[in-house]
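Fold and contact review
Below are the chains, spelled out letter by letter.
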Amino acid sequence: GAGVSQSPSNKVTEKGKDVELRCDPISGHTALYWYRQRLGQGLEFLIYFQGNSAPDKSGLPSDRFSAERTGESVSTLTIQRTQQEDSAVYLCASSSYLRSYEQYFGPGTRLTVT
Amino acid sequence: LAKTTQPISMDSYEGQEVNITCSHNNIATNDYITWYQQFPSQGPRFIIQGYKTKVTNEVASLFIPADRKSSTLSLPRVSLSDTAVYYCLVGQGGDYKLSFGAGTTVTVRA
């Protein structure tokens, strides 16, 4: 595809439920990133993939958050037992390995936990 | 990553030039300066990157003085569609953990 795509675009879930967010990176981009953006705030780094390995998971807020990536393709971010403070826009980005400062972002998934 | 400071907001009118200055007093020798733009309900978009002097592309110009302790993003002849949040980032080429602060909200009025 031409850009990074994410699904769903919006997700409303009840507190305590699990959610899965999906990211399709730009073809050929080996690096993939997940960020979280709360309303009116900057981006918060969650996790970085190089290929299908995640050398940096330091930004994951708790053990309720996990992510995986299949090869150099699709990634899913899973949030278990969602809490209201998980409500935010979750952004995925991809880049080539050598140009990690130039990340291409998807439109995000707006998660609302009620 | 070097800390950056930029104005919270700026107002402008269509057709004017907008200059956003970012301070980064602790910039390291190997650091580059990168700017992103974010429209409402969209992910950020890479605009421009530079190391020193001046860089220009089809979207903006980036001016970096010799001491590199600040940089200025210049948007020529803005239109209403340039209303967005602009983020200044400083880091090395291999940095992937982009640190986006609050950015500068630029509002362009008719």
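Just so it is clear, the model here is predicted, and its values are computed rather than measured.

Overview of the layout of surface pockets
Of the pockets and cavities examined, the largest pocket occupies roughly 570 Å³. For the largest pocket, the lining is made up of 29 residues, of which Gln 37 and Arg 110 of chain A together with Gln 38, Pro 40 and Ser 41 of chain B are closest to its centre. Broken down by secondary-structure element, the contributors of at least two residues to the lining of the largest pocket are strand E9 (88-95) and strand E11 (109-113) of chain A together with strand E8 (84-92) and strand E9 (104-109) of chain B. Per element, the largest residue contribution to the lining of the largest pocket is four residues, and it comes from E11 of chain A. Tallied by class, the residues present in the lining of the largest pocket amount to 13 nonpolar, 14 polar and two charged. Its volume calculated, the second largest pocket comes out at about 320 Å³. What lines the second largest pocket is a set of 25 residues, among which Thr 4, Cys 88, Leu 89, Ser 99 and Gly 101 of chain B lie closest to the centre. When contributions to the lining of the second largest pocket are tallied by element, the ones reaching two or more residues are strand E3 (31-38) and E8 of chain B.

As for the sheet that holds strand E8 (residues 75-79) of chain A
Residue and element names in this part refer to chain A. The strand order across the open sheet formed by four strands is E1-E3-E8-E7, and the pairing between neighbours is antiparallel. Single-partner strands in this sheet number two, and they are strand E1 (5-7) and strand E7 (65-69). When the angles between neighbouring strand axes are averaged without regard to direction, this sheet yields 15°. Of the strand pairs in this sheet, E1 and strand E3 (residues 19-24) are connected by three bridges, and their pairing is antiparallel. Its bridge partner being in E3, Ser 5 is matched across the sheet by Asp 24.

Conventions used here
Residues numbered from 1 in each chain as written. Chains lettered and ligands numbered in written order. Predicted model: local features only at pLDDT ≥ 70, side-chain atom pairs only at ≥ 80, totals over all residues. Heavy atoms only, no water. 1 Å grid on protein atoms, 1.4 Å probe; cavity = no way out; pocket = protein on both sides within 12 Å on 5 of 7 lines; lining within 4 Å. Points joined across faces, edges and corners; volume = space filled by probe spheres on them. Helix = DSSP H or I, 4+ residues; strand = E, 2+ residues; numbered from the N terminus. Nonpolar A, V, L, I, M, F, W, Y, C, P; charged D, E, K, R; others polar. Pairing = 2+ DSSP bridges. Axes fitted to C-alpha atoms, helices over the stretch in contact; angles between N-to-C directions.

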